[in-house]
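Coordinate analysis (summary)
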Amino acid sequence: MRDPLSVLTDAFTSFLFGKVETTRLPVRTSTGQAQAVYLPTAAPGLGDSGVIIGREVYSGKGYIYDPFQLYGQQLPAPHWLVLGESGNGKSALEKTYVLRQLRFRDRQVVVLDAQGEDGAGEWNLIAQELGITPIRLDAMAALDDGIRLNPLDPAITTTGQLALLRTIIEVAMGHGLDERSGFALKVAHAYVNETIIDRQPVLMDIVEQLRHPEPESAEAMNVDLDDVRAWGLDVALVLDRLVDGDLRGMFDGPTTVGIDLDAPLIVFDLSHIDRNSIAMPILMAIVGVWLEHTWIRPDRRKRIFLVEEAWHIINSPFVAQLFQRLLKFGRRLGLSFVAVVHHLSDVVDGAAAREAAAILKMASTRTIYAQKADEARATGRVLGLPRWAVEIIPTLTPGIAVWDVNGNVQVVKHLVTEAERPLVFTDRAMTENSQASDAADALELEGRLPDDMRAAEWEAEQRAALLERQRRLNESSESTVA
């Protein structure tokens with residue numbers, strides 16, 4: 001029974017402030033019962049159409065992504081930028097993404113494979129599994145009737161040929177062509193296209209015409225013939241490198257017959273080219289323009305153009321301008337461009353900062369794997385990532401990345417199936433310890449992990465099996481040598 005003073009105090013308080021809310025006794029319950037009161041919440045996904053990437057870390061639900069399904073609704077552009085330091089899972093993501101996309105009958109993929117393993121490109125195993133021969137661009141092999149791509153291929157428009165020639169020269173020279181050199185190249189190209197009709201024109205024809213210009217080209221501008229020859233001298237010297245220099249054999253003849261542009265997967269193996277040489281951006285420029293005019297067609301197929309070591313493109317003003325046009329043009333014809341870069345600072349601080357910004361702006365999807373703290377802050381500032389995402393990037397473990405799909409930011413763990421694993425993890429020394437853990441996650445996703453076996457026990461068994469297989473492989477190798 002309440003004392004009179006408390007009753008009097010409550011009455012006075014109610015008179016001044018109105019009725020006071022009744023105090024309720026606490027309810028004792030368990031977390032299992034209370035979880036129905038406080039329902040879990042998670043960020044919305046991207047829908048259920050497309051290819052599965054893995055699972056969202058915080059909610060555990062499947063993460064599905066497809067730029068062609070999302071384009072026009074949640075994505076203003078289908079292009080994709082993948083960032084992160086080596087060893088964190090970029091390569092595995094690219095490969096499984098391509099393999100899963102190829103399950104759709106209207107998909108086609110071109111890969112510029114700039115990484116090398118055991119004398120072959122990193123995509124060699126996947127190409128073999130699909131019965132496809134990679135297009136290996138190698139100056140030494142080209143001398144022995146290897147693969148050639150002709151910048152003057154008739155499949156490329158006259159305007160495209162001239163733009164490609166200018167890009168090759170500007171990349172090699174490190175600066176733009178002046179008006180006089182541009183004029184000499186233009187008249188030489190026009191003369192070659194007009195006079196050579198019984199075969200494919202080749203670069204040597206342009207070089208010869210630059211060295212020995214026709215009098216008509218000088219008369220048209222009312223200048224001396226020696227002046228036209230002098231204007232084209234530097235241009236001729238640069239193109240001569242592709243004809244008779246260290247890059248000879250790859251571009252100085254008709255395009256190799258038999259390149260199958262209708263195959264579901266086309267791999268250009270650039271692994272035999274020095275990644276730090278001027279040859280790499282030149283190669284990417286030629287391949288990009290050649291594909292623009294021979295591969296991208298209005299046939300309602302969805303195409304993916306994946307470029308590893310993409311900083312060779314984005315960091316060169318002249319090559320970046322070509323690809324910027326390709327991205328704008330290809331978007332109307334169902335092209336998704338995937339650029340793989342280690343560090344964003346390699347791009348935004350380079351010589352092509354303006355062109356790089358334009359290409360980054362067209363990439364509505366950004367996937368960021370683990371980076372150092374300072375690099376993560378710079379990446380977040382350029383890409384406009386939320387603060388919480390920037391803070392966790394340095395703490396991400398391999399296989400986990402921050403996904404930003406036009407502002408929808410989530411943390412996603414990439415999962416690899418058993419069938420994909422031998423094709424994806426090509427570096428056994430680096431992935432041996434993580435394969436068992438990834439396999440457990442994959443089986444869990446597929447619902448095939450035995451009920452009576454804990455994940456840790458299963459992982460231990462799988463790791464032991466991997467070590468035993470490695471031991472047998474070593475014994476087999478030793479006996480073979482003996």
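Residues numbered from 1 in each chain as written. Predicted model: local features only at pLDDT ≥ 70, side-chain atom pairs only at ≥ 80, totals over all residues. Heavy atoms only, no water.

Structural notes on the overall build of the chain
For the chain, the count of helices and strands is 22 helices and 13 strands. Per-residue burial for the chain yields a buried fraction of 49% across its 482 residues. When contacts within the chain are restricted to residue pairs at least 6 apart in sequence, those whose partners lie at least 24 apart make up 72%. Counting every atom, the chain has about 24,700 Å² of accessible surface; 53% of that belongs to carbon and sulfur. (Helix = DSSP H or I, 4+ residues; strand = E, 2+ residues; numbered from the N terminus. Buried < 20%, exposed > 50% of the residue type's maximum accessible area, 1.4 Å probe, protein only. Contact = heavy atoms within 4.5 Å. Areas by Shrake-Rupley, 256 points an atom, 1.4 Å probe, with all protein chains shown as cover.)

What to know about the side chain of Asp269
In this structure, Asp269 sits in strand β8 (residues 265-269). In this structure the side chain of Asp269 is engaged in a polar contact, spanning 3.2 Å, whose partner is the side chain of Arg136. Sequence-distant contacts of Asp269, that is, excluding residues within four places in its chain, are made with Asp113, Ala120, Gly121, Pro134, Ile135, Arg136 and Leu137. (Polar contact = N/O pair within 3.5 Å; in protein donor to acceptor, adjacent residues only side chain to side chain.)

Considerations on the pairing of strand β12 (residues 400-405)
On any regular strand, side chains alternate: one points to one face of the sheet, the next to the other face. Within β12, six of the six residues are buried, which leaves it mostly tucked inside the rest of the structure. Because side chains alternate across β12, one face comprises the buried residues Ile400, Val402 and Asp404, and the other comprises Ala401, Trp403 and Val405, equally buried. Sheet topology places strand β11 (residues 363-368) next to β12; four bridges connect them, and they run antiparallel. Residue pairing for β12: Thr367 is matched across the bridge by Trp403. Of the strand pairs in this sheet, β12 and strand β13 (residues 408-414) are connected by six bridges, and their pairing is antiparallel. (Pairing = 2+ DSSP bridges.)

Quick look at the packing of helix α7 (residues 158-173) against helix α15 (residues 317-331)
Direction vectors running N to C along α7 and α15 enclose 150 degrees, while the axes themselves pass 8 Å from each other. The angle between the axes of α7 and α15 places the two elements in the roughly antiparallel class. Counting all contacts with α7, which are made through Leu164, Thr167, Glu170 and Val171, the residues of α15 involved are Phe318, Val319 and Leu322. In terms of residue class, the contact of α7 with α15 is built from five nonpolar, one polar and one charged. (Axes fitted to C-alpha atoms, helices over the stretch in contact; angles between N-to-C directions. Parallel < 35°, antiparallel > 145°, perpendicular 65-115°, else oblique. Nonpolar A, V, L, I, M, F, W, Y, C, P; charged D, E, K, R; others polar.)

Here we look at helix α18 (residues 373-383)
Taken residue by residue, α18 has Glu375, Ala376, Thr379, Gly380 and Leu383 as its buried positions. Angular distribution of buried residues about the axis of α18 spans 135 degrees; they occupy a single face of the element. Seen from the buried face of α18, the exposed residues on the opposite side, beyond 90 degrees, are Asp374 and Arg381. The positive-phi residue at the C-terminal boundary of α18 is Gly384, with phi of around 70 degrees. (Arc of directions from axis to C-beta.)

Digging into the pattern of salt bridges
Inspection of the entire model under this criterion finds 17 salt bridges. Two residues, Asp66 and Arg107, come together in a salt bridge whose shortest N-O distance is 3.0 Å. Pair noted here: Asp66 is in the loop between β2 (62-65) and α3 (67-70) and Arg107 is in strand β4 (residues 107-113), with a separation of 41 residues, a long-range link. Overall, the relative accessible area of 0% leaves Asp66 in the buried class. (Salt bridge = Lys/Arg side-chain N within 4 Å of Asp/Glu carboxyl O.)

Description of the nonpolar core
Proteins that are soluble and globular tend to have nonpolar side chains buried together. Counting 94 residues, the largest nonpolar core has Leu149, Leu239, Phe268 and Phe305 as its most contacted members. When residues of this core are assigned to their parent elements, the largest contribution, 11 residues, is made by helix α13 (residues 279-294). Among the domains, domain 1 (41-130 + 260-428) and domain 2 (156-254) are the pair contributing at least three residues each to this core. Residues within four places of Leu149 in sequence aside, it is in contact with Leu137, Met250, Phe251, Thr255, Ile259, Phe268, Ile286, Val287 and Trp290. Counting 33 residues, the second largest nonpolar core, distinct from the first, contains Leu46, Tyr63, Leu93 and Tyr369. (Core = buried A, V, L, I, M, F, W, Y, C linked by side-chain atoms within 4.5 Å. Domains from an automatic or database assignment.)

What about the environment of Asp234?
Secondary-structure assignment places Asp234 in helix α12 (residues 233-244). Placed 57 residues apart in sequence, Asp234 and Leu177 show a C-alpha to C-alpha distance of 9.9 Å.

Description of the packing of aromatic side chains
Overall, the coordinates contain 12 aromatic pairs when judged by the stated rule. Judged by centre distance (6.4 Å) and plane angle (40 degrees), the ring pair of Tyr65 and Tyr97 falls under tilted. Of this pair, Tyr65 sits in strand β2 while Tyr97 sits in helix α4 (residues 90-101), and the two are 32 residues apart along the sequence. Both residues of the pair, Tyr65 and Tyr97, belong to the buried class. Aromatic ring contacts, followed pair by pair, group Tyr63, Tyr65, Trp80, Tyr97 and Trp403 into a single cluster. Its end group placed over the ring of Phe104, Arg107 keeps NZ or CZ at 4.7 Å from the ring centre. The ring of Trp295 is capped by Arg303, whose NZ or CZ atom sits 5.6 Å from the centre of that ring. (Phe/Tyr/Trp six-rings, centres within 6.5 Å; stacked < 30°, edge-to-face > 60°. Lys NZ or Arg CZ within 6 Å of the ring centre and 35° of its normal.)

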